[in-house]
Amino acid sequence: MPMPDPARWVQLSQALDTLLDLDGAGREAALARWRDTDPRLANELQALLDADGQARADQFLTGHAAADATGQDQGQASLQGHRIGPYVLRSPLGAGGAGTVWLAQRADGQYEGQVAIKLLHLALLDHAAAQRFAREGAILARLSHPHIARLQDAGVTPGGQPYLVLERVEGQRIDHHCNSRQLGVEGRLHLFLDVLAAVAHAHSHGVIHRDIKPSNILVTTEGQAKLLDFGIAKLLEEGQAQADATELTQQGGRALTPDWAAPEQLRGDTVTTAADVYALGLLLHLLLTGRHATSRAGATAGEAMRATLETEPERPSRAISQGAAEELAMPTGERRPQRLARRLQGDLDNIVAQCLRKDPAARYSTVTALADDLRRHLAHEPVSARPDTLGYVAGRFVRRHRGAVASGLVVVLALAAGVIGTLSQARRANQERDRAIDEREMATGVSDFFVRMLRQSAGSDAGGLRKQLDTSRDLAKTLVFRYPLAQAAVFQQLSGSYADIDDLPNALAMMDEATRVVNTLPDPARRASNLVPLLCGRASLLNDAARNAEGLQLLTQAQTLMDAGAAADVPVDARAECILTNSYIRSALGQHDAAVQAARSALQLLRDSGVDPGALSSYTSALDRALLLAGRHAEAWPLAEKLARDSEASEGSNTIAALRRSSRLTHLKRVGGQPQEALTLAQKDLALMTRIMSVGDSDALTLYEHGSALLELSRVPEATAALQHSVDVARTKDDKLVLVRAELALIRARLASGSAPDIAKAQALFKAAQAQWDAIVQRESPTAVEVWRTQALLLAAQGNLPAARALLERAAAFGQKLSGPEHPARFVLELNQGELALAAAQPEAALGHAGHARAAAQRAALDTQRSADMGRALWLQSQAQAALRQASEAATSARSAVAQLEATLGPTHLLVLAARQATAQSASPAAR
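All residue numbers here refer to positions counted from 1 along the written sequence of the relevant chain. The model is predicted, so local features are restricted to residues of pLDDT at least 70 and side-chain atom pairs to those at 80 or more, both for listing and for counting; the totals for chains, interfaces and linings are taken over all residues. Remark: hydrogens and water are excluded; side-chain values derive from all non-hydrogen atoms of the structure.

Peer 1: How would you summarise the pattern of salt bridges if you had to cite specific residues and measurements?
Peer 2: Salt bridge, as used here: a side-chain nitrogen of Lys or Arg that lies within 4 Å of a carboxyl oxygen of Asp or Glu. What the rule picks out here adds up to 33 salt bridges. Here Arg 748 makes a salt bridge to Glu 786, at a shortest N to O gap of 3.0 Å. Residue Arg 748 is located in helix 33 (residues 736-753), and its partner Glu 786 is located in helix 36 (residues 783-797); the two are separated by 38 residues in the primary sequence. The partner of Glu 830 in a salt bridge is Arg 826, and the shortest N-O contact between them spans 3.0 Å. Taken together, the residues Glu 830 and Arg 826, both in helix 38 (residues 826-839) and 4 residues apart, mark about one turn of the helix. Residue Glu 830 shares its accessibility class with Arg 826, and that shared class is buried. Here the residues in one salt-bridge network are Asp 593, Arg 600, Arg 632 and Glu 635, joined through shared partners. In DSSP terms, a helix is any run of H or I states spanning at least four residues, a strand is any run of E spanning at least two, and both are numbered starting from the N terminus. Summary of the burial criterion: residues with accessible area below 20% of their type's maximum are buried, those above 50% are exposed, and those between are partly exposed, where the area comes from a 1.4 Å probe applied to protein chains only.

This is the structure we're talking about:
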């Protein structure tokens, strides 16, 4: 069949991938559907399959491979053990439209080692191209770089089968590695620079990769990036005209991945190194945001091509606002969407944008130029991807002041004063126009020019980042600024820079300096409108520092200013961020209903302002989180489901974002009273975790949810193992949020076993973390309720029931103080108190606690007819009634308990069996 044009080939390649993954019957069914909708496509696919089948039948490798009577390919099984040169094929590693990849073992005795051998489908190359391929493989083999999986050989078997012999790389694809290791922005950029070095090396040897994408870049367990698969690279030969291009070069355009190809590849235009620059821009965007810049996950080949050709790529800072940063598995300091978006604004937005220009000539001229810009960004120097304006150069200086400037200070001050004077005169000369110019922007521009002049007079001793920030901080305090808002802007920028390196004390100090300066403004209206974002920004920092009561006071001040008229001059997104910060702080203080109300208000404010609905997912996620923490699980569930669907549609199902969203659903099932369904979801989460994370690596949160679901089902040994694994991973990755929850759950799991050794281990674990528990209690965190409850269970296990009950009462009083009578922990506290009262032979008190537990379980249930918590409360109620000799009532409660428990815990659970036995006894003649 004649070679199709590049665009047609994309469609054929995608369809061929689909067919090759199906068995004989499946292929026939798929081809039949295509014959109805696109006969030409079906005929072309059939021709490719026939050519491939004929090649396999006609001496494929050794002449033994063939298709069975159903058309199913037998080559995979028959190839095992076959020899290609000095290598023996051991097992298949993967397959696709271009061919299959096999793990092979060196077998000629020279040395022992494994390689990956890629066998290309004969249908994709005619005979002449296959012969040329064997000779040109030597050109690719010239590539030798630590970040390139070396192509060791290439050739054609006697049967005409083209093959590549590649270095065997064991690792995880680059985006999954970044997420599983919780790499921050700088860690991701440094790893990306290794990829750039590999591509630059290939370009210097005349090779364009043409198919750079996450699956073609693996990161080893040692953290070394390896660029794979130059098998479809375009080979450039110096001085050779296009007409003299080799056959492999001429046909290279047919192999590409639609959503990772540059526009010129899809158009069939001449492909240069700029195509790789474009793909690298897409990769950088994905690593920084978790999203493709133009295409949504699950898009068809045609949709992906159309998006590449027609859609303007989204800026990273804008993309991150559409999805919670926590889904990217960034470090704790970068998980807040607003903070991560701020980190990406400016340099990284512009660097990615320059990579993704539609016009190849407008992109970076070389990969080395792209790498140089990223290094300048990391060093806080001006980058070439944005205009070298006075404001920009000065802004970078605030991040990177180089040494002492005292010797040139007098001259610089004089020059800056002259510029300020000139701008002041211009402003007086044109008051009408200046009314349309924000004074803050003008003042910042003057400050930026001032700082640029200081930079030019600075020495060359850069020092470390913290030293540079400290020097810039001291300079900002001592300089005389004509415009106070310029100085406030510098302090605010420094605050953000300190927050980026998790130096919250200095971040707060710089925000205080900015606030002090703004408070000197004579105009009350301008003072108020500039104070609002500063107060909210400081409140957000206080939330990060767990000083939430102080943060709430600042938010109250900001709201008072807005109520008095400042709101009209504060941008809508800034007001929404203030409200969202309020929601975070209220949740942290245990004021859950207020947190939910605040999150709803922020979301509604943005909706009313006409914001693109796609930009609201981080606010929807915040509302979902607030509802979950409030124990309002039935309200949270539909939001969590929608966020999971949207995440899968935009980012795919095999991502850390998908894992985070799925874990949220698993958690809701468990705390909503459906632990069996939670365990089913948790097991799927584990499978997803295994797919997207490297061998030996795990996710602490996923393990915690799995262990907690097992514990709810009283599968204690399995739960203990899973929770111990979660604790170990959380400690290794310094994931403090998960660690606290996992340690408390592990203590309860060991207590649930009832054995003396496990009880001793539980006591030792609690004691080892005593300082942690004390800190939680001292800052009056809502987690204190769970700490006291766990400690009470420890006391009960030691036989000290009075002390245990007193501690549970303390926890209940504290929970009510924070969140009101319907606080989220009320069910477990009432249940535990009732169980201890029953053990202390106080059935009336137990009955009262059972009633309260039942009401709390009903509020928390996803489905009040299928709730394990409702069943537990009913079983406690039945036991208390039986102790009070209320036989009829006890029997009714037991029957209701069985209905709830059997549906949610399974028919063999101990509680179900006990409740069934009680029901049977009440129905016996002796009982009557």
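Peer 1: Explain the confidence of the model for the protein residue by residue, including any values.
Peer 2: A residue's pLDDT is the confidence the predictor assigns to it, expressed on a 0 to 100 scale. Confidence in the prediction for the protein averages 78 pLDDT; 74% of positions are at 70 or higher. Note on contacts: a residue pair is in contact if any heavy atoms of the two residues lie within 4.5 Å. In this model residues 1-6 is a low-confidence stretch, pLDDT under 50, and it forms 9 contacts with partners more than four residues away in sequence or in other chains.

Peer 1: So what about the packing of aromatic side chains? Which residues, and what values?
Peer 2: Aromatic rings considered in pairs are described by the distance between their centres and by the relative angle of their planes. Paired rings are identified among Phe, Tyr and Trp, the last through its six-membered ring, by centres lying within 6.5 Å, and are further divided according to the angle between planes into stacked (under 30 degrees), edge-to-face (over 60) and tilted (the rest). Applying the stated criterion to the full structure yields 2 aromatic pairs. A ring pair is formed by Phe 766 and Trp 773, whose centres lie 5.5 Å apart and whose planes are at 20 degrees; its orientation type is stacked. Trp 773 carries the same exposure label as Phe 766, and that label is buried. Judged by centre distance (5.3 Å) and plane angle (85 degrees), the ring pair of Trp 788 and Phe 814 falls under edge-to-face. Residue Trp 788 is found in helix 36, and its partner Phe 814 is found in helix 37 (residues 801-819); the two are separated by 26 residues along the sequence. Judged by its relative accessible area of 9%, Phe 814 is buried. In this arrangement the basic side chain of Lys 669 is found over the ring face of Trp 637, its NZ or CZ atom lying 4.9 Å from the centre. When the NZ atom of lysine or the CZ atom of arginine is within 6 Å of a ring's centre and also within 35 degrees of its normal, the charge is said to sit over that ring.

Peer 1: Outline unusual backbone geometry, listing residues and values.
Peer 2: Phi is positive for Ala 546, which is not a glycine, with a value near 60 degrees. By the element assignment, Ala 546 lies in the loop between helix 23 (524-544) and helix 24 (548-563). The exposure class assigned to Ala 546 is partly exposed, which follows from its relative accessible area of 32%. At Asp 734, a position not held by glycine, the phi torsion is positive, near 55 degrees.

Peer 1: Just give me the short version of the side chain of Arg 660, but keep the residues and values in it.
Peer 2: Among the secondary structure elements, Arg 660 is positioned in helix 29 (residues 656-671). Overall, the relative accessible area of 15% leaves Arg 660 in the buried class. Throughout this description, a polar contact denotes any pair of N or O atoms lying within 3.5 Å of each other; where both atoms belong to protein, one of them has to be capable of donating a hydrogen while the other can accept it, and for residues adjacent in sequence the pair is counted only when both atoms sit in side chains. Polar contacts involving the side chain of Arg 660 include one to the side chain of Asp 699, which spans 2.7 Å.

Peer 1: Which residues make up the sheet that holds strand 10 (residues 225-227), and what values go with them?
Peer 2: A strand pair is defined by DSSP finding two or more bridges across the two strands. Sheet architecture is open: 3 strands sit in the order 7-9-10, paired in antiparallel fashion. Because the sheet does not close on itself, it has two edges, and the strands there are strand 7 (172-173) and strand 10. Across 2 bridges, strand 7 lies against strand 9 (residues 217-219) in antiparallel orientation. Paired with Gln 172 across the two strands is Val 219, which belongs to strand 9. All axes are obtained by fitting lines to C-alpha atoms, using only the stretch in contact for helices, and the reported angles, taken between N-to-C directions, cover 0 to 180 degrees. Contacting strand 9 and strand 10, helix 7 (residues 185-204) runs over the sheet at an angle of about 35 degrees to strand 10.

Peer 1: So what's going on with the side chain of Arg 363? Residues and values would help.
Peer 2: Residue placement: Arg 363 occurs in the loop between helix 14 (347-355) and helix 15 (367-378). Among the residues examined, Arg 363 registers a relative accessible area of 3% and is labelled buried. Polar side-chain contacts of Arg 363 include one of 3.3 Å to the backbone oxygen of Lys 358. Among residues more than four places away in sequence, those in contact with Arg 363 are Ala 262, Pro 263, Glu 264, Ala 274, Ala 275, Val 277, Tyr 278, Gln 354, Cys 355, Arg 357 and Lys 358.

Peer 1: Would you mind going over the nonpolar core in detail, with residue names and values included?
Peer 2: Judged by nonpolar contacts, the single largest core of 67 residues is most densely connected at Tyr 704, Leu 723, Ile 747, Trp 773 and Leu 829. Top contributing element to this core by residue count: helix 33, with 10 residues. Beyond its immediate stretch of four places on either side in the chain, Leu 829 contacts Val 785, Arg 789, Leu 808, Ala 811, Ala 812 and His 823. Buried Ala, Val, Leu, Ile, Met, Phe, Trp, Tyr and Cys residues form a nonpolar core when they are joined through side-chain atoms within 4.5 Å. One finds Leu 191, Leu 280, Leu 288 and Val 383 within the second-largest nonpolar core, a separate group that totals 50 residues.

Peer 1: Could you give me a rundown of the packing of helix 25 (residues 572-588) against helix 27 (residues 617-629), with the residues and numbers involved?
Peer 2: Here helix 25 crosses helix 27 at 20 degrees, and the two axes come no closer than 10 Å. The angle between the axes of helix 25 and helix 27 places the two elements in the roughly parallel class. Once helix 25 is placed against helix 27, the crossing between them reads as left-handed. Seen from helix 25, the contacting residues are Asp 573, Ala 576, Glu 577, Leu 580, Ser 583, Tyr 584 and Ser 587; seen from helix 27, they are Tyr 619, Ala 622, Arg 625, Ala 626 and Leu 629. Orientation is classified from the angle alone, with under 35 degrees giving roughly parallel, over 145 giving roughly antiparallel, 65 to 115 giving roughly perpendicular, and any other angle giving oblique. Left-handed describes a crossing whose near helix is turned anticlockwise from the far helix through less than a right angle; right-handed describes the clockwise counterpart.

Peer 1: I'd love a proper account of the packing of helix 21 (residues 484-500) against helix 22 (residues 504-518), names of residues and values included.
Peer 2: Between helix 21 and helix 22, the shortest axis-to-axis distance is 8 Å and the interhelical angle comes to 165 degrees. If you check the angle between helix 21 and helix 22, you find them roughly antiparallel. Between helix 21 and helix 22 lies a crossing whose hand is left-handed. Packed against helix 21, whose contacting residues are Pro 484, Leu 485, Gln 487, Ala 488, Phe 491, Gln 492, Leu 494, Ser 495, Tyr 498 and Ala 499, the element helix 22 presents Asn 506, Ala 507, Met 510, Met 511, Glu 513, Ala 514, Arg 516, Val 517 and Val 518 at the interface. When grouped by side-chain class, the residues that make up the contact of helix 21 with helix 22 number 13 nonpolar, 4 polar and 2 charged. In the scheme used here, Gly and all other residues not listed as nonpolar or charged are polar, with Ala, Val, Leu, Ile, Met, Phe, Trp, Tyr, Cys and Pro taken as nonpolar and Asp, Glu, Lys and Arg as charged.

Peer 1: Explain the state of the cysteines residue by residue, including any values.
Peer 2: Two cysteine sulfurs form what is called a disulfide whenever their separation falls within 2.5 Å. Summed over the entire model, instances satisfying the criterion amount to 1 disulfide. The partner cysteine of Cys 536 in its disulfide is Cys 578, sulfur to sulfur 1.9 Å. Disulfide Cys 536-Cys 578: torsion about the S-S bond near 110 degrees, hence right-handed. Separated by 42 residues along the polypeptide, Cys 536 in helix 23 and Cys 578 in helix 25 bring together distant segments of the chain. Considered together, Cys 536 and Cys 578 belong to a single accessibility category, that of buried residues.

Peer 1: Tell me what's going on with the environment of Thr 221, and back it up with residues and numbers.
Peer 2: Summarising the element assignment, Thr 221 is placed in the loop between strand 9 and strand 10. A distance of 3.2 Å separates polar atoms of two side chains, one belonging to Thr 221 and the other to Glu 222.

Peer 1: Outline the pairing of strand 6 (residues 162-167), supporting the account with residue identities and numerical values.
Peer 2: The element strand 6 is extensively covered by neighbouring structure, given that 5 of its 6 residues are classed as buried. The pairing of strand 4 (residues 114-120) with strand 6 spans 5 bridges and is antiparallel. Bridge pairing links Lys 118 to Leu 164 in strand 6. Pairing geometry for strand 5 (residues 151-156) and strand 6, over 5 bridges, is antiparallel. Counterpart to Val 156 in the pairing with strand 6 is Pro 162.

Peer 1: Break down helix 14 for me, citing the residues and quoting the values.
Peer 2: The element helix 14 is largely enclosed, with a buried count of 9 among its 9 residues. Residues of helix 14 that are buried include every one of Asp 347, Leu 348, Asp 349, Asn 350, Ile 351, Val 352, Ala 353, Gln 354 and Cys 355, and no others.

Peer 1: Quick rundown of the environment of Thr 655? Include the residues and the values.
Peer 2: Looking at where Thr 655 falls in the secondary structure, it is placed in the loop between helix 28 (633-651) and helix 29. For Thr 655, a relative accessible area of 14% gives the class buried. Ignoring sequence-local partners within four residues, the contact set of Thr 655 consists of His 176, Leu 688 and Ile 692.

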